[in-house]
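Notes for the structure review
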Amino acid sequence: MNALPLLLVLALAAPPELKRARDRFEFGAWADAAGTLRQLLSSGRTLSEDDAVEAYRMLGIAEYHLGDLPQARSAFLNLLSNDPDYTLDAFLVPPPIVEMFDSVKRENEEALAPLREQKRALREQARLAEEARRKLLAEAPPTKVVRVQERLYLFNWMPLGAGQFQNGDRAKGVAIAAG
């Protein structure tokens with residue numbers, strides 16, 4: 001899948017605070033981005049899993065650039081608690097930050113293993129539910145579509161088969177009119 005439409009969808013669906021933080025993050029305004037992200041994450045506002053992962057990723061990187069390594073580690077740990085299999089892209093993130101992220105992941109592997117198993121089980125349940133839904137749709141009898149047209153009742157009482165013509169029965173209408 002092309003990354004540009006995915007980023008566009010994420011940007012449009014994300015809360016405005018996350019978009020503001022992403023804009024500041026992309027321009028290297030680390031302090032502004034970190035402050036906005038801390039405020040968003042501490043507001044108690046419910047974020048989607050993808051938005052939470054993105055927020056913690058940006059917060060960890062911003063805190064690292066600001067020199068607050070314990071806060072960066074904490075943000076990375078929160079990111080991993082949302083997505084235990086997450087990896088930073090080494091082409092987009094500086095190597096020291098990737099190394100720190102990987103060390104946080106290694107240090108907390110024991111705590112992340114149950115989360116990883118739980119996520120795997122949830123994905124499997126979702127896959128099975130989708131498979132069952134598709135099977136039900138495939139096995140369901142085809143539905144018959146009935147078109148209802150409103151007709152004028154008055155035509156039923158008109159002579160020469162006018163009601164038959166209205167109903168689309170031309171042969172019956174001609175027969176009645178000829179009779």
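Summarised in this report is the structure supplied together with it. (Residues numbered from 1 in each chain as written. Predicted model: local features only at pLDDT ≥ 70, side-chain atom pairs only at ≥ 80, totals over all residues. Heavy atoms only, no water.)

**Considering the overall build of the protein**
Counting secondary structure elements, the protein contains 9 helices and 0 strands. Reading the helices (α) and strands (β) of the protein from amino to carboxyl end gives α-α-α-α-α-α-α-α-α. With 179 residues in all, the protein has 27% of them scored as buried. Long-range pairs, those at least 24 residues apart, make up 48% of the contacts in the protein with a sequence separation of at least 6. Total accessible area computed for the protein in this model is approximately 12700 Å², and 59% of it derives from carbon and sulfur atoms. (Helix = DSSP H or I, 4+ residues; strand = E, 2+ residues; numbered from the N terminus. Buried < 20%, exposed > 50% of the residue type's maximum accessible area, 1.4 Å probe, protein only. Contact = heavy atoms within 4.5 Å. Areas by Shrake-Rupley, 256 points an atom, 1.4 Å probe, with all protein chains shown as cover.)

**Considering the nonpolar core**
Within the largest apolar cluster, 30 residues are counted, with the highest numbers of intra-cluster contacts made by Leu37, Phe76, Leu79, Leu88 and Phe101. Where this core is concerned, the elements lending two or more residues are α2 (16-26), α3 (30-42), α4 (49-66), α5 (69-82) and α6 (95-107). If you tally residues by element for this core, the top one is α4, at 8 residues. Residues contacting leucine 37, with those up to four places away along its chain left out, are Leu18, Ala21, Ala55, Met58 and Leu59. (Core = buried A, V, L, I, M, F, W, Y, C linked by side-chain atoms within 4.5 Å.)

**Focus on the environment of tryptophan 30**
On the secondary structure map, tryptophan 30 appears in helix α3. Given a relative accessible area of 24%, tryptophan 30 falls into the partly exposed group. Along the chain, tryptophan 30 and methionine 58 lie 28 residues apart, while their C-alpha atoms are 9.1 Å from each other. In this view, tryptophan 30 contacts Phe25, Ile61, Ala62, His65 and Leu66; residues no more than four positions away in its chain are not counted.

**Quick word on the packing of aromatic side chains**
Scanning the model with the defined rule gives 3 aromatic pairs in all. Taken together, a centroid distance of 5.2 Å and an interplanar angle of 75° make the contact between phenylalanine 25 and tryptophan 30 edge-to-face. Using a relative accessible area of 12% as the deciding quantity, one classes phenylalanine 25 as buried. Seen in terms of ring centroids, phenylalanine 76 and phenylalanine 101 are 5.2 Å apart; in terms of plane orientation they differ by 90°. Their pairing is edge-to-face. Of this pair, phenylalanine 76 sits in helix α5 while phenylalanine 101 sits in helix α6, and the two are 25 residues apart along the sequence. A relative accessible area of 0% places phenylalanine 101 in the buried class. In textbook terms, an aromatic cluster arises when at least three aromatic residues are bridged by ring pairs, as seen for Phe76, Tyr86 and Phe101. (Phe/Tyr/Trp six-rings, centres within 6.5 Å; stacked < 30°, edge-to-face > 60°.)

**Brief notes about the pattern of salt bridges**
Following the criterion strictly, the structure yields 14 salt bridges and no others. A salt bridge links glutamate 54 to arginine 22; the shortest N-O distance between them is 3.7 Å. With glutamate 54 in helix α4 and arginine 22 in helix α2, this pair connects stretches of sequence that are 32 residues apart. With respect to class, glutamate 54 is no different from arginine 22; both count as buried. Taking the shortest distance from any N to any O, the salt bridge between glutamate 117 and arginine 120 comes out at 2.6 Å. (Salt bridge = Lys/Arg side-chain N within 4 Å of Asp/Glu carboxyl O.)

**Some points on α2**
Within α2 the residues assigned to the buried category are Leu18, Ala21, Arg22 and Phe25. The buried residues of α2 occupy an angular sector of 105° when the element is viewed end-on, so they sit on one face. (Arc of directions from axis to C-beta.)

**Describing the packing of α3 against α4**
Packing of α3 against α4 leaves a shortest axis separation of 9 Å and a crossing angle of 140°. Overall, the two elements α3 and α4 adopt an arrangement that is oblique. Crossing geometry of α3 relative to α4 is assigned as left-handed. In this structure, α3 uses Trp30, Ala31, Ala34, Leu37, Arg38 and Leu41 to contact α4, whose residues at the interface are Ala55, Tyr56, Met58, Leu59, Ile61, Ala62, Glu63, His65 and Leu66. Grouping the amino acids of the contact of α3 with α4 by side-chain chemistry returns 12 nonpolar, 1 polar and 2 charged. (Axes fitted to C-alpha atoms, helices over the stretch in contact; angles between N-to-C directions. Parallel < 35°, antiparallel > 145°, perpendicular 65-115°, else oblique. Left-handed = near helix turned anticlockwise from the far one by under 90°. Nonpolar A, V, L, I, M, F, W, Y, C, P; charged D, E, K, R; others polar.)

Without other data, these values stay purely geometric and don't point to any function.
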